[in-house]
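Listed here are the chains, written in short residue letters.
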Amino acid sequence: MASSQTRWLVLKFGGTSVSTRANWEQIATIVQQRLATGAHLLIVHSALSGVTDLLEQLISAAVSDDDAQQLLIRIRERHDQLARDLEVPVPATFESLFAALESAVNAIRIAGECDDFARAAILACGELLATTLGTQFLRQRGFDAVWADARNLLRSEQHGAHARADVLAAACGFEPDAQFAANLATNGQLVVTQGFIAGDHSGNTVLLGRGGSDTSAAYLAARLAAMRLEIWTDVPGMFSANPRAIPGARLLRSLDYDEAQEIATAGAKVLHPRCILPVKKFGIELHVYSTVDPAMAGTVVSASGGGLAAQVKAVCLRKGVTLVTMDSPGMWHQVGFLADVFAVFKQHGLSVDLVSTSETNVTVSLDPAANTLDRALLDRLIADLEPMCGAEIIGPCSSVTLVGRNIRAILHQLGDALELFEEQKVYLVTQAANDLNLTFVVDEGQGDRLVKQLHERLVRPTKGDLVWGPTWQQLSAATPDEGQRELPWWHKHREQILAAATQHGAAFIYDLSSIADAAHRLRSIKSVGRFLYAMKANWHPAILQTLYNCGIDIECVSRGELEHAFDCIPDLDPQRVLFTPNFCAREEYARAMSYGVLITLDNQFPLTEWPDLFRNREIMVRVDPGFSQGHHAHVRTGGSRSKFGVAIAELTKLASLCDDNSTRVVGLHAHSGSGNLDIDNWAHLAELLAGLAGNFPAARFLDLGGGLGVPEQQGSAVLDVQALDAALARLVAQHPRLQLWLEPGRYLVSQAGVLVAAATQLKSKSGVDFVGLATGMNSLIRPALYGAHHEIFNLTRIAEPATRLYDVVGPICESADFAGHDRLLPQTQAGDILLICNAGAYGRAMSSHYNLRNPAVEIVV
């Protein structure tokens, strides 16, 4: 019999952790180390990665009498393959469990339906099957491991509010139980059980909800009064943002329970929100580690963690959020209105997350992680709310949450960051009563961009603060294996680029073949009849000639650009040039007409004040679409505060002016902003302009502008030109008389140019390392002007590992003179050549002689 002083450690391993031989080798080492402390171990083991999804598909196939057998074969093969990798025999327990699974699936197929208990029993098989193999591996490694059924260790509590939740998202008691701990200890020093599943008081299988293995581990740690709960996953702790999406996200070394709860609830996938309460209540430390690299420090969650400084510690994102908005003028001063409407949510078993109220409206959010939502359930909810208020479903949405202690104390620091919401539809804003978060609910597609930009502006660690660890980029940094990925074009020109930078101090380097490749990709979009290069992005003569030779026409916005284009391309056909000025003088229009190019107007003023200039001429008209998109406020070009375009409401008047003046509008133009990857942006513009074209009988061209997004860093999303082609082809088919145009600028030249500059000085201040360059915002103003991100490399030491964070700055006497913050580089020295990527667009074209410093020279390779 074990002593009452038995010390327990609970270790939970997630699906990714238990799915490979390499990870199981790590698990064996971890188990050996923990057992060496004299503690008893309880391993809580998830299903193999992806198996729960396969089981969900299996249930659907059985209900619809589809070929469920193929799914059963796939599930079996996943486990057989792991058994082969682990070099363990498939145990008899596995065979009996798999036979029970086949029998349950056959019963569903015959019945044509699956109740909640049957669903729970089938989904539980993922954990039950996998743990038999994991236990077998540990035994083969010499551990006296005992397999235990979690349905005998955890008992669900039935609340009766909603029967389905009691089965598929059950809660269990977790009060410390000395007798339970003593009984479990009789199994020996190492016990393996399942996460995600439990039993009810009738002996049925119930589930703790998707992601419930963390919760299982926390329940068991509390019941055992464990010394510590360890969550082992595929990342080494909790981060200030999703590290897969934001490489600059920082490890949070220390958090208190409430902060960890907020981060988990707000969308972090590392911990399930329900796992915090059991360990918090009984003061059990929770540690998060990486199975792939157990030596990393990880995150410690405890009562004393996190520190007391007022700061934003994480920016979190949840997608798939559903809002319910309820309007009723009669709710003002009506006693019990909120109680009545929330009773309806309770009746349907729905957990309300965020709440925002006014005199006549209440809006709440339903988190998909806490609710089993389907359209039928939401329709019943709305029907039951209708007698009390007008109710509407909004979604899917994203919630963007700033998490940190004493948020109200730093509201003054959030001003610049809140500018990011300027052009967004914000459905709900809430500030937590515990002063730990500030949440915004926006359209689902806007969430990723907002999180990235908010993180860059708000997460700024201070020296000596023990909360902050290294960035994800630092933790995962390794010397690139040049044989495993395609290298950017500048690698093959490295020696030439180094020589140019050494000679000039700073230089823009352009690769014409990369520009031709980008032109070729665009011209594969067959639904677009004409591409015009927005030459304001870069007017280098060689670039203009290259694009013209590739069949790309030219778009100019000033007299200077117009004259430069005709000077650089001697055989330039005026029919291949579009002139799109903004608030220019009469003389510029007259000069353009002398060249014979097509002109775009974005104002009625020229027609009312200089009608003779446009009489009997063909023109384009730029329309303000009334909305804008883009990566920064300064590149969003639609809406009432934008200086561009004719308002839609004024088009009828403009059409009348044109008729009176015998001016023929042959095309409409619109541009919503720059840096877009959203295909719907151009499809929506095309539909809008096609609808407006009816006001102009001569219109035959629809110019959708530019703004095609460019990936800012390796691994970022790229524009799907095939999807764009397909989306626009549908509109062309509906309006065969209208030809579509696009005006790309940055897309064609950005990645074909780099800025290289010598490092002049280095210094450290208050824990921040700076590297100064021979040029700055006088050459590349985009980071200061737009908050643009440009990847930075130390070209001199490109083969050395990047191990140190630097703020890369220039020599200009302005605080905004930076190329990038927290950039991971090799140990850098004065004289090293740094390379700034994506500098082929709006670099030299926007440069200046500010501080009387010459901008970088231009060189073509």
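Residues numbered from 1 in each chain as written. Predicted model: local features only at pLDDT ≥ 70, side-chain atom pairs only at ≥ 80, totals over all residues. Heavy atoms only, no water.

1. Topic: the pairing of strand β32 (residues 768–773)
- Most of β32 is tucked away, with five of its six residues classed as buried.
- Sheet analysis places strand β31 (residues 753–765) next to β32, joined by six bridges and oriented antiparallel. Of the residues in β32, the one forming a bridge with Leu-762 is Val-771.
- Between β31 and β32, which pair antiparallel one after the other, the connecting turn spans two residues, and Ser-766 there sits at a positive phi close to 55 degrees.
- Alignment of β32 against strand β34 (residues 804–809), held across three bridges, turns out to be parallel. Note on β34: the bridge partner recorded for Gly-772 is Val-809. (Buried < 20%, exposed > 50% of the residue type's maximum accessible area, 1.4 Å probe, protein only. Helix = DSSP H or I, 4+ residues; strand = E, 2+ residues; numbered from the N terminus. Pairing = 2+ DSSP bridges.)

2. Side note on helix α9 (residues 213–223)
- In terms of burial, α9 is a largely internal element, 11 of the 11 residues being buried.
- For α9, every residue scored as buried is listed here: Ser-213, Asp-214, Thr-215, Ser-216, Ala-217, Ala-218, Tyr-219, Leu-220, Ala-221, Ala-222 and Arg-223.
- Looking one or two places after α9, you find Ala-225, whose phi comes out positive at around 50 degrees.

3. Here we look at the pattern of salt bridges
- Tallied over the entire structure, the rule returns 34 salt bridges.
- The shortest N-O distance in the salt bridge between Arg-141 and Glu-25 comes to 2.4 Å. Residue Arg-141 is found in the loop between α6 (125–140) and β3 (145–147), and its partner Glu-25 is found in helix α1 (residues 21–35); the two are separated by 116 residues along the sequence.
- Judged by relative accessible area, which is 27%, Glu-25 ranks as partly exposed.
- Residues joined in a network through salt bridges with shared partners are Arg-21, Glu-25, Glu-87 and Arg-141. (Salt bridge = Lys/Arg side-chain N within 4 Å of Asp/Glu carboxyl O.)

4. A word on the nonpolar core
- Judged by nonpolar contacts, the single largest core of 95 residues is most densely connected at Tyr-533 and Leu-668.
- With nine residues, helix α25 (residues 679–692) is the single largest residue contributor to this core.
- Beyond its immediate chain neighbours, meaning those up to four positions away, Tyr-533 contacts Asn-538, Ile-543, Leu-544, Leu-547, Ile-552, Asp-553, Ile-554, Glu-555, Pro-744, Gly-745, Leu-748 and Val-749.
- By size, the runner-up hydrophobic cluster in this structure holds 76 residues, among which are Ala-170, Phe-174, Val-400 and Val-459. (Core = buried A, V, L, I, M, F, W, Y, C linked by side-chain atoms within 4.5 Å. Contact = heavy atoms within 4.5 Å.)

5. With respect to the sheet that holds strand β13 (residues 299–302)
- Spatial ordering of the open sheet is given by β3-β6-β2-β1-β9-β12-β13-β11, a layout of eight strands whose pairing is mixed. Across the chains shown, the open sheet's two edge strands, defined by having one partner strand only, are β3 and β11 (254–256). When the angles between neighbouring strand axes are averaged without regard to direction, this sheet yields 20 degrees.
- Examined bridge by bridge, β3 and strand β6 (residues 190–194) share three bridges and lie parallel to one another. (Axes fitted to C-alpha atoms, helices over the stretch in contact; angles between N-to-C directions.)

6. A closer look at the sheet that holds strand β14 (residues 314–327)
- Read across the open sheet, the six strands follow the order β15-β16-β14-β17-β19-β18; overall the sheet is antiparallel. A strand with exactly one partner marks an edge of an open sheet, and here the two such strands are β15 (352–357) and β18 (426–431). Taking each pair of neighbouring strands and ignoring which way they run, the sheet shows an average axis angle of 30 degrees.
- Contacting β14, β16 (361–366) and β17 (390–403), helix α13 (residues 375–385) crosses the sheet at an angle of about 115 degrees to β17.

7. Concerning unusual backbone geometry
- The omega angle of the peptide bond from Gly-395 to Pro-396 is 0 degrees, so this bond is cis rather than trans.
- Structurally, the position occupied by Pro-396 is in strand β17.
- If you check the backbone angles, Asn-406 has positive phi at about 55 degrees while not being a glycine.
- By the secondary structure assignment, Asn-406 is in the loop between β17 and α14 (415–418).
- On the basis of relative accessible area, Asn-406 is assigned to the partly exposed category, the value being 29%.
- Notably, Asn-838 is not glycine yet its phi reads approximately 55 degrees, a positive angle.

8. Some words on the packing of aromatic side chains
- Counted according to the given criterion, the structure contains 15 aromatic pairs.
- Consider the rings of Phe-13 and Trp-232, whose centres lie 6.0 Å apart with planes at 20 degrees: the pair is stacked. Here Phe-13, found in strand β1 (residues 8–13), pairs with Trp-232, found in strand β9 (residues 228–233); they are 219 residues apart in sequence, far enough to count as distant.
- The exposure class of Trp-232 is buried, given its relative accessible area of 1%.
- Ring centres of Tyr-589 and Trp-610 lie 6.1 Å apart, and the angle between their planes is 55 degrees; this geometry places the pair in the tilted category. Taken together, the positions of Tyr-589 in helix α21 (residues 586–595) and Trp-610 in the loop between α22 (605–609) and α23 (611–614) put the pair 21 residues apart, joining distant regions of the chain.
- Classification of Trp-610 as buried rests on a relative accessible area of 17%.
- In this structure an aromatic cluster arises from ring pairing among Tyr-589, Phe-605, Trp-610 and Phe-614.
- Across from the ring centre of Phe-98, 5.4 Å away, lies the NZ or CZ of Arg-76, which sits over that ring.
- Over the ring of Phe-770 we find Lys-763, and its NZ or CZ is 5.9 Å from the ring centre. (Phe/Tyr/Trp six-rings, centres within 6.5 Å; stacked < 30°, edge-to-face > 60°. Lys NZ or Arg CZ within 6 Å of the ring centre and 35° of its normal.)

9. Comments concerning helix α3 (residues 68–86)
- Between the first and last C-alpha of α3 there are 28 Å, a value that for 19 residues agrees with the 27 Å anticipated at 1.5 Å per step.
- Of all the residues in α3, the buried ones are Ala-68, Leu-71, Leu-72, Ile-75, Arg-76, His-79, Asp-80, Leu-82, Ala-83 and Leu-86.
- The inward-facing, buried residues of α3 contact α1, α2 (51–63), α4 (92–111) and α6.
- Backbone geometry just after α3 places Glu-87 at a positive phi near 60 degrees. (Expected span 1.5 Å × (residues − 1).)

10. Some thoughts on the packing of helix α20 (residues 559–568) against α21
- Remark: α20 packs on α21, axes separated minimally by 10 Å, with the N-to-C direction vectors making an angle of 20 degrees. One way to sum up the angle between α20 and α21 is to call them roughly parallel. When you trace α20 past α21, the crossing you get is left-handed. Every residue of α21 that contacts α20 at Arg-559, Leu-562, Glu-563 and Phe-566 is listed here: Glu-588, Arg-591, Ala-592 and Tyr-595.
- The class makeup of the residues in the contact of α20 with α21 is four nonpolar, no polar and four charged. (Parallel < 35°, antiparallel > 145°, perpendicular 65-115°, else oblique. Left-handed = near helix turned anticlockwise from the far one by under 90°. Nonpolar A, V, L, I, M, F, W, Y, C, P; charged D, E, K, R; others polar.)

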